[in-house]
Amino acid sequence: MASNAFLLSLTSALLLLLPLLSVSAMAKQTYIVHMKHQDKPSSYATHHDWYSSQLQSDSSLLYTYTNAYHGFAASLDSDQADSLRRSDSVLGVYEDTLYTLHTTRTPEFLGLNTESDSYNTQVLDQASNDVIIGVLDTGVWPESKSFDDSGLPQIPTRWKGQCESGPDFKPALCNKKLIGARSFSKGYRMASSGGYGTKPKEVVSPRDNDGHGTHTASTAAGSPVANASLLGYAQGTARGMASRSRVASYKVCWSVGCFGSDILAGMDQAISDGVDVLSLSLGGGSAPYYRDTIAIGAFTAVEKGIFVSCSAGNSGPIRASLANVAPWIMTVGAGTIDRDFPAFALLGNKNHFTGVSLYSGNGMGNKPVGLVYNKGNSSASNMCLPGSLEPDFARGKVVVCDRGVNARVEKGAVVRDAGGVGMILANTAASGEELVADSHLLPAVAVGRKVGDMIREYVRSDSNPTAVLSTSMSCPHISGLAALLKAAHPEWSPSAIKSALMTTAYTQDNTNSPLRDAAGGGFSNPLAHGSGHVEPHKALNPGLVYDISIEDYITFLCSLDYTVAQVQTIVKRPNVTCSRKLSDPGQLNYPSFSVLFANKRIVRYTRVLTNVGAAGSVYDVTVGAPTMVNVAVKPTKLVFKSVGEKQRYTVTFVAKRGAPKTPMSEFGSIVWSNAQHQVKSPVAFAWTQ
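The model shown is predicted, which means the values in this text are computed figures rather than measured ones.

Colleague: Can you help me understand unusual backbone geometry in this one?
Modeller: A negative phi holds for most residues other than glycine; trans holds for most peptide bonds. A cis amide bond links Lys634 to the next residue, Pro635, at an omega of -5°. Even without a glycine there, the phi angle at Asp561 is positive, about 65°. With respect to the element layout, Asp561 can be found in the loop between helix H18 (550–558) and helix H19 (564–571). Not every positive phi belongs to a glycine, and Lys572 is a case in point at roughly 60°. Note on placement: Lys572 falls in the loop between H19 and strand S25 (593–597).

Structure representation (structure tokens):
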């Protein structure tokens with residue numbers, strides 16, 4: 001993520017600056033140091049001892065990493081960091097990075113409460129008893145009913161984790177459901193307090209004081225909780241995706257965010273403890289893989305057979321706004337479900353608009369009241385920022401507030417404090433048609449950009465605009481699904497599980513209409529929805545998978561113009577030479593295709609499919625492509641005589657003559673199918689100038 005930079009003007013008083021230079025040079029911060037693991041001299045009993053010898057004092061050493069990373073995190077000044085960079089045993093020294101968090105009906109919506117498919121969900125639940133999901137987040141609230149362990153057998157004997165004690169957390173709070181709880185705060189404490197040894201600003205324990213970690217853990221594997229609701233809405237039984245899987249919580253995020261040094265320590269420990277799935281709903285944008293803390297740790301996890309699921313982030317709708325994009329990670333974006341929390345706005349011109357809200361207090365009645373919106377441009381009152389609304393302007397009115405800058409619920413508080421009786425929270429271009437139902441402090445309706453623009457225009461053009469609002473009357477997931485797939489197919493690799501989830505996803509909603517993009521409400525495409533929306537029962541029985549070995553990933557990395565040292569940073573093998581490379585990174589045996597027509601008209605990729613269905617299965621190929629591309633697949637039929645057999649095919653993409661005058665993207669698909677299965681890969685075509 002971007003770091004703050006403070007520029008000192010040359011016109012500043014030189015005499016004032018000079019005394020500060022020696023102080024600032026000695027200021028310490030956290031660095032992550034990548035070491036040549038194999039270079040440890042035999043005179044040191046452990047790598048920890050060796051790393052300590054590199055520093056002036058053992059107190060400077062915050063973490064020693066052995067699994068997710070080869071190296072350590074330490075509190076260093078800039079001179080110490082530069083000195084380490086000059087060491088022959090050091091591959092790299094990097095400043096700590098701050099990452100941010102990403103944030104009852106879903107199991108039923110995903111078909112996990114039905115028994116109509118070939119896989120019985122109850123049978124899978126029983127099988128998932130032995131699957132352990134490690135959640136790296138803000139910790140856990142162990143008293144939540146989602147972590148009730150009733151009916152669960154004993155903890156798997158291979159589990160090596162533990163529940164640590166803290167001022168507000170007792171190890172006895174863990175049970176056969178919540179089997180581990182740890183916290184990692186040295187990076188946070190170093191950054192926020194100016195030194196690891198000082199008293200932290202937050203209680204250091206595994207307890208979740210934010211709610212995000214408890215939410216993600218219970219979404220993945222929460223036990224069934226009857227009579228659950230949200231402010232009286234959506235009443236029913238709340239449960240996680242893999243409701244009988246075990247949960248281990250690793251608190252790596254604090255009030256200011258999640259520091260890379262703490263994340264690495266959590267991943268390192270989780271791998272050592274014996275988790276089967278790692279779930280991280282956090283990230284910090286895209287970076288080269290050798291500088292991406294999560295990607296580096298995830299590589300080792302996948303090498304050890306651990307499935308790693310990470311959120312795509314809350315940025316967008318602009319392009320290239322994803323986080324956690326390494327191909328060995330399951331990158332998951334948020335979608336919508338078939339349940340809404342509608343709220344309504346009736347304007348004085350008789351237009352009736354539907355939005356969303358979770359306001360559960362008294363309504364504003366049926367009498368229309370004045371509707372106001374600041375007619376200035378980009379003023380604080382447009383956004384309903386704190387202190388921006390004059391009581392004379394808002395008193396007794398419904399106020400239109402632009403979404404953005406400050407919290408959505410805070411905007412309602414600003415309106416209420418200024419005497420307003422209701423709020424219409426209207427999206428701008430930055431949020432498009434994405435709607436979030438919030439528990440507001442006064443009657444409020446959130447609407448998308450298009451409706452918001454119509455309401456703004458009504459307020460501007462009508463001499464006496466009015467409105468009446470009425471409250472709703474109707475009533476993290478992939479990690480848990482991966483646990484179910486691992487329970488059903490313990491022999492599958494993480495890449496096989498990822499392939500099954502991707503190639504069985506769907507791209508049409510429950511009205512058989514193409515998925516829509518929240519950015520503008522138009523039809524979506526693979527740049528926005530990826531492979532599509534997950535369909536668990538089909539993923540459990542995908543027919544074919546695109547499997548990828550660790551050696552394949554190394555060959556892929558060697559094809560990215562990284563130095564050998566940079567590749568070694570990720571794969572942690574000293575004998576990597578990159579003597580073998582792919583002719584194009586797109587040759588990785590990935591379940592999708594990215595075809596770039598830059599200075600060439602022909603792109604040819606080869607893929608290998610593994611039969612995980614019945615022996616004797618036969619598949620035929622169907623191609624979807626834009627009119628400006630010819631696609632040829634050889635062979636067009638694949639015959640698998642046995643289970644586990646692999647078959648190879650080659651796709652040739654040919655751009656027709658006459659390149660587009662401007663850069664553009666188009667889309668298609670490669671589908672291998674028979675009567676039982678459809679194995680679909682999206683294809684993205686791009687033309688550049």
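Colleague: Whenever I open this one, the nonpolar core confuses me. Can you help?
Modeller: Where a protein is soluble and globular, its nonpolar side chains tend to be buried together. If you look at the biggest cluster of nonpolar residues, it comprises 89 residues, and the most contacted ones within it are Leu278, Trp328, Leu557 and Ile570. Here this core gets 7 residues from one element, more than from any other, and that element is helix H9 (residues 293–303). With sequence-adjacent residues up to four places away left out, Trp328 is seen in contact with Tyr289, Ala295, Ala298, Phe299, Val302, Lys498, Tyr553, Leu557 and Ile570. Counting 24 residues, the second-largest nonpolar core is a separate cluster that includes Val629, Tyr649, Ala655 and Val683.

Colleague: Would you take a moment to explain the packing of H9 against H19 for this structure?
Modeller: How two helices sit against one another is set out by the angle between their axes and by the gap between those axes. Relative to each other, H9 and H19 sit at 60°, their axes nearing to 7 Å. Comparing the axis directions of H9 and H19 gives the class oblique. Residue-level inspection shows Ile296, Phe299 and Glu303 of H9 in contact with H19, the latter providing Thr569, Ile570 and Val571.

Colleague: Just checking my understanding: could you explain the packing of aromatic side chains for this structure?
Modeller: Working definition: an aromatic ring pair is given by the centre-to-centre distance plus the angle between the planes. Tallied over the full model, the rule gives 23 aromatic pairs. Centre to centre, the rings of Phe593 and Tyr605 are 6.5 Å apart; their planes meet at 25°, and the pair counts as stacked. Of this pair, Phe593 sits in strand S25 while Tyr605 sits in strand S26 (residues 602–611), and the two are 12 residues apart along the sequence. When its relative accessible area of 3% is taken as the criterion, Tyr605 is described as buried. Positioned above the aromatic ring of Trp141 is the side chain of Arg207, whose terminal nitrogen or guanidinium carbon lies 4.3 Å from the ring centre.

Colleague: What is the right way to read H19 from this model?
Modeller: An α-helical segment advances 3.6 residues per turn. Residues three or four places apart therefore align on the same side. For H19, the set of buried residues is Val567, Gln568, Thr569, Ile570 and Val571. In the core, the buried residues of H19 are packed alongside strand S1 (29–35), H9 and H18. Immediately beyond the C-terminal end of H19, within one or two residues, lies Lys572, with a positive phi of roughly 60°.

Colleague: Where do I start with the sheet that holds strand S24 (residues 544–545) in this structure?
Modeller: Strand pairing in a sheet relies on backbone hydrogen bonds. The paired strands run either parallel or antiparallel. Taking strand neighbours across the sheet as the criterion, the 4 strands line up as S24-S26-S30-S28 in an open arrangement whose pairing is antiparallel. Every interior strand has two partners, whereas the edge strands, S24 and strand S28 (629–634), have only one. Of the pairings in the sheet, the one linking S26 to strand S30 (residues 646–655) comprises 9 bridges and is antiparallel in character. Pairing of Thr610 across the sheet is with Lys646, part of S30.

Colleague: Sorry if this is basic, but what is going on with the environment of Ser583 here?
Modeller: Among the structural elements, Ser583 can be located in the loop between H19 and S25. Between the C-alpha atoms of Ser583 and Tyr605, which are 22 residues apart in sequence, the distance is 9.7 Å.

Colleague: Can you walk me through the state of the cysteines in this structure?
Modeller: Simply put, the disulfide is a covalent bond whose two ends are the sulfur atoms of two cysteines. Throughout the structure, instances matching the rule amount to 4 disulfides. A disulfide bridge connects Cys384 with Cys401, and the sulfur atoms are separated by 2.0 Å. Handedness of the Cys384-Cys401 disulfide follows from its S-S torsion of about -80°: it is left-handed. With Cys384 in the loop between helix H10 (380–383) and helix H11 (391–394) and Cys401 in strand S20 (residues 398–402), this pair connects stretches of sequence that are 17 residues apart. Judged by its relative accessible area of 0%, Cys401 is buried. Looking at the protein, its bonded cysteines, counted consecutively from the start of the sequence, adopt the pairing 1-2, 3-4, 5-6, 7-8.

Colleague: How do you make sense of the confidence of the model for the protein when you look at a structure like this?
Modeller: Detailed conclusions should not be drawn from predicted coordinates in areas where pLDDT is low. Residue-level pLDDT values for the protein average 78, and 75% of them are 70 or greater. By mean pLDDT, the top-scoring element of the protein is strand S29 (residues 637–640) (96), and the lowest-scoring one is helix H1 (residues 14–26) (34). Every residue in residues 114–118 scores below 50 in pLDDT, and together they form 6 contacts with partners more than four places removed in sequence or on other chains. Within the model, the stretch residues 472–476 combines pLDDT values under 50 with 20 contacts to residues more than four positions away or in other chains.

Colleague: Hey, could you run me through the pairing of S1 in this one?
Modeller: For a regular strand, side chains alternate in direction, first toward one face of the sheet and then toward the other. Where burial is concerned, most of S1 is hidden: 6 out of the 7 residues are buried. Of the pairings in the sheet, the one linking S1 to strand S3 (residues 71–76) comprises 6 bridges and is antiparallel in character. When the sheet's bridge partners are listed, Gln29 is paired in S3 with Leu76. Pairing of S1 with strand S4 (residues 90–95), which is carried by 5 bridges, proceeds in the antiparallel orientation. Of the residues in S4, the one forming a bridge with Met35 is Val90.

Colleague: Looking at this model, I keep getting lost on the environment of Gly187. Mind explaining?
Modeller: Looking at the secondary structure, you find Gly187 in helix H6 (residues 186–193). Gly187 sits in the buried class, given a relative accessible area of 1%. Residues Gly187 and Phe259 lie 72 residues apart in sequence; the distance between their C-alpha atoms is 5.9 Å. Those residues in contact with Gly187 that lie beyond four places of it in its chain are Thr30, Tyr63, Asp96, Phe259, Ser261 and Asp262.

Colleague: Mind showing me how you'd approach the sheet that holds strand S2 (residues 61–65) here?
Modeller: The antiparallel open sheet is built from 4 strands, whose spatial order is S2-S3-S1-S4. Each edge of the open sheet carries a strand with a single partner, namely S2 and S4. Strand-to-strand twist in this sheet, taken as the mean axis angle between neighbours without regard to direction, amounts to 20°. Pairing analysis gives 4 bridges linking S2 to S3, with the strands arranged antiparallel. Residue pairing for S3: Tyr65 is matched across the bridge by Gly71. Of the strands in this sheet, S1, S3 and S4 are in contact with helix H3 (residues 78–85), which crosses S3 at around 150°.

Parameters and conventions
Residues numbered from 1 in each chain as written. Predicted model: local features only at pLDDT ≥ 70, side-chain atom pairs only at ≥ 80, totals over all residues. Heavy atoms only, no water. Helix = DSSP H or I, 4+ residues; strand = E, 2+ residues; numbered from the N terminus. Core = buried A, V, L, I, M, F, W, Y, C linked by side-chain atoms within 4.5 Å. Buried < 20%, exposed > 50% of the residue type's maximum accessible area, 1.4 Å probe, protein only. Contact = heavy atoms within 4.5 Å. Axes fitted to C-alpha atoms, helices over the stretch in contact; angles between N-to-C directions. Parallel < 35°, antiparallel > 145°, perpendicular 65-115°, else oblique. Phe/Tyr/Trp six-rings, centres within 6.5 Å; stacked < 30°, edge-to-face > 60°. Lys NZ or Arg CZ within 6 Å of the ring centre and 35° of its normal. Pairing = 2+ DSSP bridges. Disulfide = S-S within 2.5 Å. pLDDT = per-residue confidence, 0-100.

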